[in-house]
Amino acid sequence: MVKFSKELEAQLIPEWKDAFVNYWQLKKQVKKIKISRKPHVHDGNSSLIHDFGRSIFDSIRSFTMTSHKLHKPYEVSQVKSIIKEGENGEEKEEQEEIYETENELVQLFSEEDEVRLFFEMLDEEQKKVNEFYKTKESEFLERGDILNKQLQILLDLKQVLSDRRRKTLGSRSGSGFFSRSHSSSGRNSDFSDTPSEYCGSPTGTETLSQTEEVIAALEKNGINFVNSASTRAKTKKGGKPKVAMRIDIPATTPTRTIAAVTSMLWEDLVNNPKKGGPREYINKKKIQCAEKMIRSAFVELYRGLGLLKTYSSLNMEAFVKILKKFDKVAKQQSSASYLKQVKRSHFISSDKVVRLMDEVESLFTQHFANSDRKKAMKFLRPQQNKESHMVTFFVGLFTGCFVTLFSVYAILAHLSGMFSTRTEAAYVETVYPVFSMFALLSLHLFMYGCNLFLWKGTRINYNFIFEFQPKTALKYRDAFLIGTCLMTSVVGALVIHLILLSNGFSPSQVDAIPGILLLIFLALLICPLNVFYRPTRFYFLKVIRNIVCSPFYKVLMVDFFMADQLTSQIPLMRHLESSACYFLAGSLKSHGLPTCKSGRMYRELAYVISFAPYYWRAMQCARRWFDESDINHLANLGKYVSAMVAAGARLTYARQPDSQLWLSIVLVTSVIATVYQLYWDFVKDWGFLNLKSKNFLLRDELILKNKSIYYASITLNLVLRVAWVETVMHFNVGLFESRLLDFFLASLEIIRRGHWNFYRLENEHLNNVGKFRAVKAVPLPFRETDSDG
C-alpha cells in the first residue's frame, strides 16, 4: 500500500506546491507528540530538571485523559482585557470573557506544548489553503467573465459578417440570419453561412438596421472600430457604412509580424481592398484567428479550474489523513470536531468552481464543437497515452543489436585494414561524416531522454513549460527507442558496406549506401503517414521552421530551447554539409575527394554553417526584445554575437595554422565569448552565483537535496566550456586520430548541453512555482478600449 505522503507528492500540482498543506511538517509534529507520550525510564544520571519537567507533563496528561474518559462538560473562558478611557480622562480596564464551546479542542490545546503547537500549525495551514483557494477562485471567475464577454463579441461580429455578405449578395427567399443569443447552436468554428434559425426574409434596410444595432452595442462595450459612429452616420446617407474593426492578433507568423511593424498601413490595405470581391471591412481571417484564441483561452481556463478542484480535494484528504494520525497517537477520537471546521472552510464549501466548469463545458460544446460533447471533451480533457512495456522491450532489443553490430563492425574494419594509412583517406572522408552525424544525433537523443527521465523524477513540469500536448508528448522511453533504433540501423548499414567491400565490390557501387541511408531517414522525417511518432516529427519540423525564419515568428520557450541545442550541433551540420557535397556532387563516383575541400564555395559555406545557429539565436533575442522590451534580451544577443565572432576566428585559424596574428585573435575572442557564456549560464540560465542566497553561491530554492551536485555541475560546465583550447593546439596525429578527436570533442559539447538542459529547466520551473503559474496565459483579441470617436 502506497503511503499518502508519496501519493500526495505524486499528485500535487508542482507549481502550487508551496500552497498545499505542509503534510510532511505536520507529520513530523505528530511524531514529536508520539515521542513525548512514550514512558520515560528513570535514570540515576538524569537531571532534576528533566524529572521536574516529566512530572509537570505527566500531571497535565493524566488530568486531560481523565476528563476525556468521564465525558464531563468542560468549558474554558478566555479573558481579554479592554482598556477604555473614563470620563475624567483616566484609563479604565475592563475584562471581556469569550467562551469556547469546542470543549475537546480546548482540552487538547491545554494538554501539552506539542499538541498545542500541532493545532496552531494546522490552523496556519488551513488559513494558507483557504486564502490561496480564494485568490485563485476569484482569478478564474474574473477570467471566465472576460471570456464570456469575448465570446459574445465574437458571436456578434460573426453576425455582422454574415449580414454584410447577405447584403452584398442581395435578398433571397428563404435566407436567414444568425441569432445573437448564446443559446443559438448554429455557430461553429468554421464560420459557415448555414443559418441556425430561419426568421423570414429580411430586406436590405432591415439587415442594415440590425447590423448597426450590433455595432452600436459593441461600441458601448468598448470595442474599437477604425471609423467612429459619426463617420458611419455620414456615409449612411450615401450608401452602406464602412466599418472596419481592429482585432489584436499576436504577431506569431511572418505575415502578422510584418503587419505589426507596419500596422496602420497594413490594416488599411487588408481591411479596405480596392479591387476584387465584396468589401469585408470586418476581416474574416482575423475573426477566425480571434476564435482560435478564445477557444484556447477556454481550454486553459477549464484546465485551471480542474487543477483548482484537484487542489481542494487533495488538501481535504491531507487534513483527514493527518488528523487520523493524530487520533492514533493521542488515542482519542477528536478529529471529527476539527474536520467539521475544515469542511466549513471556503475551499471545501464553495461550489463556484464546479458551476463554472459546467458552464465552460456547455459553452465550448455549443460554440466550438458543433454541439458534440465527445469532441469538446477531447479538447478540454486530453488523455495522456499510457506507457507501453513494448517500448521498453524494443529499447533493450535495439540496444543489444547495436552493441553486437558495433563489435562486428570494429572487428571487420580492423581485419580489412580500413583505417590503415593506405585506405583511411578515402574511407574516412566518405563514410565517417555520415556515421559521425548519426552518432552525434543519437547521443543528443540519449541525453534528451535522460533529461526527460530526470525532469519527471524531480516533478519538473516540462510539458507545461514547452507547451507540449500531453497526448502526443515524447516520453523518455520513446527518446531512448528512437536513438537506439537510429544507431542500430546506421551500424547495420556500415557492416553491410564493409562486407560488400571485402567481397570484391567496387567502391563506386557500395559507397552510395551511407547516402541512401541518409535519404531514407530524411524521407521518414517528412513522411505524412501516421507512423513513427508523426506528431513529434511534425512538431520538430515546425520548430525548426520557426528557428530558421527568425525573427518573423513569435519566439516560444521551445523555440529558443531548440535553437540552443543547435548551437551545440555545429559539427553535425558540418558533417551534413560534407555528406551532401560527396553524395550530391558525385564525388564518390569519381573519388575526387579534394573537390569538397578546396572548393571556394565549400569553404565559404563552412562559415555560413558555423554562424547560422548563433545568428538564429541572436535573431530570437532581438524578436523577444521587440515583443517584451526587456533589455536582458539585447544582452543575450551580444553573447551570441561574441560566439559568432569566436567561431569565425577559430575557423580561419584552422586554415592558417602558422599565423600568429590569427592565434592572438582566436585567444582574445574565445576568452571573451567563454566568459560571457559562463556568466549567462550560471547567473541568467541557472540562477546561480547569488551572493545573498541562503545556499552559498546557488539560489534559495533547489530541487535536488544534495547541494554538492550543483557545485560539481558548475565545475563540469566550466571545464567543458573551455574545450575550444584543443583548436589552438596542434597534435601530431594521423587523419583517423584527428577525426576521432573531433568526434570526441563534439560529443563532450553535446553532453555539456544535456547537462545544461536540466538546470535551465529547473530554474524555469522554479520561476513558475514562485509565481504559482500553472496555467498558460492566452492573449485575447478584443480589448476593452474606447472607440476611435
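Rules behind the numbers
- Residues numbered from 1 in each chain as written.
- Predicted model: local features only at pLDDT ≥ 70, side-chain atom pairs only at ≥ 80, totals over all residues.
- Heavy atoms only, no water.
- Helix = DSSP H or I, 4+ residues; strand = E, 2+ residues; numbered from the N terminus.
- Buried < 20%, exposed > 50% of the residue type's maximum accessible area, 1.4 Å probe, protein only.
- Contact = heavy atoms within 4.5 Å.
- Areas by Shrake-Rupley, 256 points an atom, 1.4 Å probe, with all protein chains shown as cover.
- Axes fitted to C-alpha atoms, helices over the stretch in contact; angles between N-to-C directions.
- Parallel < 35°, antiparallel > 145°, perpendicular 65-115°, else oblique.
- Left-handed = near helix turned anticlockwise from the far one by under 90°.
- Nonpolar A, V, L, I, M, F, W, Y, C, P; charged D, E, K, R; others polar.
- Patch = residues over 30% accessible without salt bridge, like charges linked within 9 Å, V, L, I, M, F, W, Y side chains within 5 Å.
- Salt bridge = Lys/Arg side-chain N within 4 Å of Asp/Glu carboxyl O.
- Lys, Arg positive; Asp, Glu negative; His and termini not counted.
- Charge placed at Lys NZ, Arg CZ, Asp CG, Glu CD.
- Phe/Tyr/Trp six-rings, centres within 6.5 Å; stacked < 30°, edge-to-face > 60°.
- Expected span 1.5 Å × (residues − 1).
- Arc of directions from axis to C-beta.
- Core = buried A, V, L, I, M, F, W, Y, C linked by side-chain atoms within 4.5 Å.
- pLDDT = per-residue confidence, 0-100.

Draft legend 1. Region of interest: the overall build of the chain. Assigned secondary structure in the chain consists of 31 helices and 2 strands. Counting only residues that meet the buried cut, the chain has 43% of its 789 residues in that class. Restricting the contact set of the chain to residue pairs at least 6 apart, pairs at least 24 apart contribute 73%. With an accessible surface of roughly 42,300 Å², the chain has 60% of that area assigned to carbon and sulfur atoms.

Draft legend 2. Quick peek at unusual backbone geometry. The step from S550 to P551 runs through a cis peptide bond, and the omega angle for that step is 5 degrees. One non-glycine residue, N370, lies in positive phi territory at about 55 degrees. The class of N370 is partly exposed, set by a relative accessible area of 44%. Even without glycine at this site, L689 takes up a positive phi of about 60 degrees. Topologically, L689 is positioned in the loop between α29 (660–685) and α30 (708–721). For L689, a relative accessible area of 35% corresponds to the partly exposed category.

Draft legend 3. Focus on the packing of helix α28 (residues 631–655) against α29. Where α28 contacts α29, the axes come no closer than 8 Å and their chain directions differ by 150 degrees. In terms of orientation, α28 lies roughly antiparallel with respect to α29. When you trace α28 past α29, the crossing you get is left-handed. Its residues assigned to classes, the contact of α28 with α29 shows 13 nonpolar, 8 polar and 4 charged.

Draft legend 4. A positive patch on the surface, seen in detail. Judged by side-chain charge, K3, K6, K31, K34, K321, K324, K325, K328 and K331 come together as a positively charged surface patch. Elements supplying a minimum of two residues to the positive patch: α2 (23–37) and α10 (284–330). Looking at the positive patch, the element that brings in the most residues is α10, giving 4 residues. Within the element layout of this structure, K325 appears in helix α10. Using a relative accessible area of 34% as the deciding quantity, one classes K325 as partly exposed.

Draft legend 5. Region of the structure containing the packing of helix α1 (residues 4–11) against α10. Contact pair α1 / α10: the axes reach a minimum separation of 11 Å and the direction vectors enclose 165 degrees. The orientation of α1 with respect to α10, classified from their angle, is roughly antiparallel. Taken as a pair, α1 and α10 cross one another with a handedness that is left-handed. The segment α1 lies against α10, with F4, E7, L8 and Q11 engaging L314, E317, A318 and K321. Grouping the constituent residues of the contact of α1 with α10 by class yields 4 nonpolar, 1 polar and 3 charged.

Draft legend 6. How the structure looks around the side chain of Q126. Following the sequence through the fold, Q126 ends up in helix α5 (residues 113–169). Aside from chain neighbours lying at most four places away, what touches Q126 is F319, Y338, Q341, V342 and S345.

Draft legend 7. Spotlight on the pattern of salt bridges. Summed over the entire model, instances satisfying the criterion amount to 19 salt bridges. R721 is paired through a salt bridge with D681; the nearest N and O atoms lie 2.9 Å apart. Here R721, found in helix α30, pairs with D681, found in helix α29; they are 40 residues apart in sequence, far enough to count as distant. The same class applies to R721 as to D681, namely buried. The residue D681 makes a salt bridge to R752 at a minimum N-O spacing of 3.9 Å. Of the two residues, D681 sits in helix α29 while R752 sits in helix α31 (residues 735–770), which places them 71 residues apart along the sequence.

Draft legend 8. Seen up close, the packing of aromatic side chains. Evaluation of the coordinates by the stated rule reveals 41 aromatic pairs. With a centroid separation of 5.2 Å and an interplanar angle of 85 degrees, the aromatic rings of F119 and F326 are classed as edge-to-face. Of this pair, F119 sits in helix α5 while F326 sits in helix α10, and the two are 207 residues apart along the sequence. F326 carries the same exposure label as F119, and that label is buried. Ring centres of W686 and Y759 lie 4.9 Å apart, and the angle between their planes is 45 degrees; on these two criteria the pair is classed as tilted.

Draft legend 9. Layout of helix α21 (residues 513–525). Here α21 spans 19 Å end to end across 13 residues, near enough to the 18 Å set by a 1.5 Å rise per residue. Buried within α21 are the following residues: P514, G515, L517 and L518. Looking straight down α21, one finds that the buried residues subtend no more than 160 degrees of arc, so they occupy a single side. Away from its buried face, by an angle of more than 90 degrees, α21 presents the exposed residues L519 and I520.

Draft legend 10. Region of interest: the nonpolar core. Core analysis: the largest hydrophobic core is formed by 71 residues, its most contacted members being W16, F118, L122, F298 and Y311. Sequence-distant contacts of F298, that is, excluding residues within four places in its chain, are made with L147, L151, V360, L363, F364, F368 and L380. If you look at the next biggest cluster of nonpolar residues, it comprises 69 residues, including V434, L445, A479 and A612.

Draft legend 11. Molecular detail of helix α23 (residues 557–567). Burial analysis of α23 places 10 of its 11 residues in the buried class, which makes it a mostly covered element. M557, V558, D559, F560, F561, A563, D564, Q565, L566 and T567 are the residues of α23 that are buried.

Draft legend 12. Region of the structure containing the environment of N461. Along the chain, N461 falls in the loop between α17 (432–457) and α18 (462–466). Here N461 is in contact with E15, R303 and H765, once residues within four sequence places are set aside.

Draft legend 13. Inspection of the environment of W455 at higher detail. Mapped onto the secondary structure, W455 falls in helix α17. Residue class for W455 comes out buried when judged on its relative accessible area of 0%. With 21 residues separating them in the primary sequence, W455 and Y476 have C-alpha atoms 9.7 Å apart. The residues contacting W455, other than those within four sequence positions of it, are Y448, I460, Y462, F466, F561, N757, F758 and L761.

Draft legend 14. The arrangement of the confidence of the model for the chain in detail. Of the residues in the chain, 72% reach a pLDDT of 70 or more, and the chain-wide mean stands at 78. Residue range residues 40–104 is modelled with pLDDT below 50. Its contacts to residues more than four positions away, or to other chains, number 62 contacts. Predicted confidence is poor over residues 226–243, with pLDDT under 50, and the contacts of this stretch with residues over four places away or in other chains come to 31 contacts.

Draft legend 15. Focus on the environment of V431. Looking at the element boundaries, V431 is found in the loop between α16 (424–430) and α17. Judged by relative accessible area, V431 falls into the buried class, the value being 3%. Sequence separation of V431 and I513 is 82 residues, and the distance between their C-alpha atoms is 9.1 Å. Among residues more than four places away in sequence, those in contact with V431 are L494, H497 and P514.

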